[in-house]
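# Structural features, examined
Given next are the chains, with one letter for each unit.
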Amino acid sequence: MSKIRKELKSFMHGLKKRNPGEYEFHQAVEEVAESIMPWYLAHDDYRDAQILERLTEPDRIVIFRVTWETDNREIRANRGWRVQFNNALGPYKGGLRFHPTVDQSVLKFLGFEQIFKNSLTGLPMGGAKGGSNFNPKGKSDREVMRFCHSFMTELHRHIGEDVDIPAGDIGVGTREISYLFGQYMRVENRWTGVLTGKGSSFGGSAVRNEATGYGCVYFLEEMLSKHNEDIVGKKIVISGSGNVARFAAEKAIDKGAKVLTLSDSDGFIEAKSGMTEGMLNFAHELKEKKRGRISEMAKKYKSITFHKGKSPWGVKCDIAMPCATQNEIDEKEAQLLCSNNVLAICEGANMPVTTIATHIFNKNKILHAPGKAANAGGVAVSGLELSQNEMRLSWSHEEVDERLQKIMKDIHSRCVEYSDNSEIINYVDGANIAGFKKVADPLLAYGLV
Ligand code: NDP
Ligand code: 2IT
């Protein structure tokens, strides 16, 4: 066994022992450790300072009870978390996820990834993630409001504009951020940019809603152009129909690509000749306002078919954009995509591709943009929202969009700079090494913190 494999094995053995049963966290750490180990072993100063070991231990995790009342006056108690992973580069920053699958492992994987993603943006933000096992699906607005208010009644003591600034993620959009922000103001008695993704009428940034999806397509364009390809006419399969998926679809269509699918946890819809702008506007309305199911699109449009209980990865395409959740693409799906000659995978979601699937794409020389690079546009515009709040001004849509494009271009360049620069760029390695190095340097400088 090579020295690198041996070190990796021993490091992962220790990590798994210290964090039993946290499989998503193990997976996220292993992916980073695999990429950085050769570089880490070659740098005694980082190794002597135990930077990897220190970076895989969160600064702290706050766990709390969230008690709330249903419309029928039944009492419910959920669990809330905030994982403050690392603030070497700036105040903790990262989203809140409300979904029944949320547990400590999921939030630790997301918080860990966020450190490197935020580092790649070049903006001064540390890494964090939080959320609850609360399921907003099927709840009334009032129920969601009572839950959010109760959640913030505890969370407010652990966050602040210079401490930790949460935002949205799965199950947390403008509605939830508004309730959370309202309660923060009430209990703290001051207006401050403590959350991002706020409504445009109260301190929210232009383009924040669109930023993750748009940014993902900007990254995809850079990646294609680096490999002498372009997006026009490409067939794109997208999973999810939430914030990230819909705005990725919107930008891809705008750029001349054909978007064939969207999905939710019930199945996927397929538009064989590509979705139109009108269809997408219907999807925005359906998901944002009516909180409906994606199958309803097949009832509205004859040219759309709904595939119940299926994921979209068997649909022949040039580009796959997983934009729903973690581990959507495993060995079987990766092999299916490869056998259909997919050109690129561009991750809108966080860790949507399993370790085995990542190795399959690598072996088959498929371009693969990891979420921590490709979906960083969301948190980047969150960073721009913070700057605007600090300055008490707001930039126009065009100005923010221009900055977002520049940030995504720079992230792409950083990935290329730190990859081994072979014919097909290894974006997974490039993103991990570039992201890691930028956090490691201040940690080294701070001494034993
Ligand atoms: P939304 O809540 O807006 O949408 C989530 C979408 O994914 C829905 O279509 C949902 O379907 C589907 N989904 C969620 N969980 C599952 C599951 N277990 N199985 C199948 N489908 C599922 O979330 P976002 O669009 O904001 O987030 C999507 C992904 O992007 C996540 O991985 C998130 O971490 C990541 N991300 C989000 C950013 C943001 O700014 N919002 C920034 C960067 C990354 P259903 O309605 O049936 O649950
Ligand atoms: O995963 C992510 O980057 C997000 N959910 C956005 C985080 C943020 O602070 O905007």
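Let us look at the structure shown here. (Residues numbered from 1 in each chain as written. Chains lettered and ligands numbered in written order. Predicted model: local features only at pLDDT ≥ 70, side-chain atom pairs only at ≥ 80, totals over all residues. Heavy atoms only, no water.)

## With respect to the overall build of the protein chain
Check the secondary structure of the protein chain and you find 17 helices and 12 strands. For a compact globule of 449 residues, the expected C-alpha radius of gyration is about 22 Å, and the protein chain comes in at 21 Å, within 12% of that figure. For the C-alpha atoms alone, the extent of the protein chain along its principal axes is close to 60 × 50 × 40 Å. The 449 residues of the protein chain split such that 57% are buried. Restricting the contact set of the protein chain to residue pairs at least 6 apart, pairs at least 24 apart contribute 71%. In the form shown here, the protein chain has an accessible surface area of approximately 18700 Å², with 48% of it arising from carbon and sulfur atoms. Where the 60 positive side-chain charges of the protein chain centre and where its 58 negative ones centre are 4 Å apart. (Helix = DSSP H or I, 4+ residues; strand = E, 2+ residues; numbered from the N terminus. Rg over C-alpha atoms; globule rule 2.2 N^0.38 Å. Buried < 20%, exposed > 50% of the residue type's maximum accessible area, 1.4 Å probe, protein only. Contact = heavy atoms within 4.5 Å. Areas by Shrake-Rupley, 256 points an atom, 1.4 Å probe, with all protein chains shown as cover. Lys, Arg positive; Asp, Glu negative; His and termini not counted. Charge placed at Lys NZ, Arg CZ, Asp CG, Glu CD.)

## Details of the packing of helix α8 (residues 208-226) against helix α16 (residues 397-418)
With their axes 9 Å apart at the nearest point, α8 and α16 run at an angle of 45° to one another. Taken together, the axes of α8 and α16 lie oblique to each other. At the point where α8 passes α16, the crossing takes the right-handed sense. In this structure, α8 contributes Glu 210, Ala 211, Tyr 214, Gly 215, Tyr 218, Phe 219, Glu 222, Met 223 and Lys 226 to the contact, and α16 contributes His 397, Asp 401, Leu 404, Gln 405, Met 408, Lys 409, Ile 411, His 412, Cys 415 and Val 416. Of the residues contributing to the contact of α8 with α16, the split by class is 10 nonpolar, four polar and five charged. (Axes fitted to C-alpha atoms, helices over the stretch in contact; angles between N-to-C directions. Parallel < 35°, antiparallel > 145°, perpendicular 65-115°, else oblique. Left-handed = near helix turned anticlockwise from the far one by under 90°. Nonpolar A, V, L, I, M, F, W, Y, C, P; charged D, E, K, R; others polar.)

## Some details on the site of ligand 2
The local shell around ligand 2 holds 14 residues, among which Lys 93, Lys 117, Gly 168, Asp 169 and Ser 382 are the closest. At a separation of 2.7 Å, an oxygen atom of ligand 2 approaches a polar side-chain atom of Lys 93. With respect to ligand 2, the side chain of Ser 382 contributes an N or O atom lying 2.6 Å from an oxygen atom. Elements with a minimum of two residues in the shell around ligand 2: β3 (92-98), α5 (104-121) and α15 (377-391). Grouping the constituent residues of the shell around ligand 2 by class yields two nonpolar, seven polar and five charged. (Near = heavy atom within 4 Å. Polar contact = N/O pair within 3.5 Å; in protein donor to acceptor, adjacent residues only side chain to side chain.)

## Thoughts on the site of ligand 1
Ligand 1 sits among 25 residues. The nearest are Asp 169, Thr 212, Ser 265, Arg 293 and Asn 350. In the model, an oxygen atom of ligand 1 is placed 2.9 Å from a nitrogen or oxygen of the Arg 97 side chain. Thr 212 places a side-chain nitrogen or oxygen 2.9 Å from an oxygen atom of ligand 1. In isolation ligand 1 has 880 Å² of accessible area, and contact with the protein removes 83% of it.

## A look at the nonpolar core
Counting 62 residues, the largest nonpolar core has Phe 219, Ile 238, Leu 262, Met 297 and Met 321 as the members making the most contacts within it. It is α8 that contributes the most residues to this core, nine residues altogether. Beyond its immediate sequence surroundings of up to four residues, Met 321 is in contact with Cys 216, Val 217, Leu 220, Ile 236, Val 237, Ile 238, Ser 239, Ala 248, Trp 313 and Cys 346. Counting residues in each nonpolar core, the second largest holds 38 residues, with Phe 11, Tyr 46, Leu 55 and Trp 81 among its members. (Core = buried A, V, L, I, M, F, W, Y, C linked by side-chain atoms within 4.5 Å.)

## So, unusual backbone geometry
One non-glycine residue, Gln 50, lies in the positive phi region at around 55°. Locating Gln 50 in the fold gives a position in the loop between α3 (44-48) and α4 (51-55). Look at Asn 189: it is not a glycine, yet its phi comes out positive at around 55°. Along the chain, Asn 189 turns up in the loop between α7 (174-188) and α8. Owing to a relative accessible area of 70%, Asn 189 belongs among the exposed residues under this scheme.

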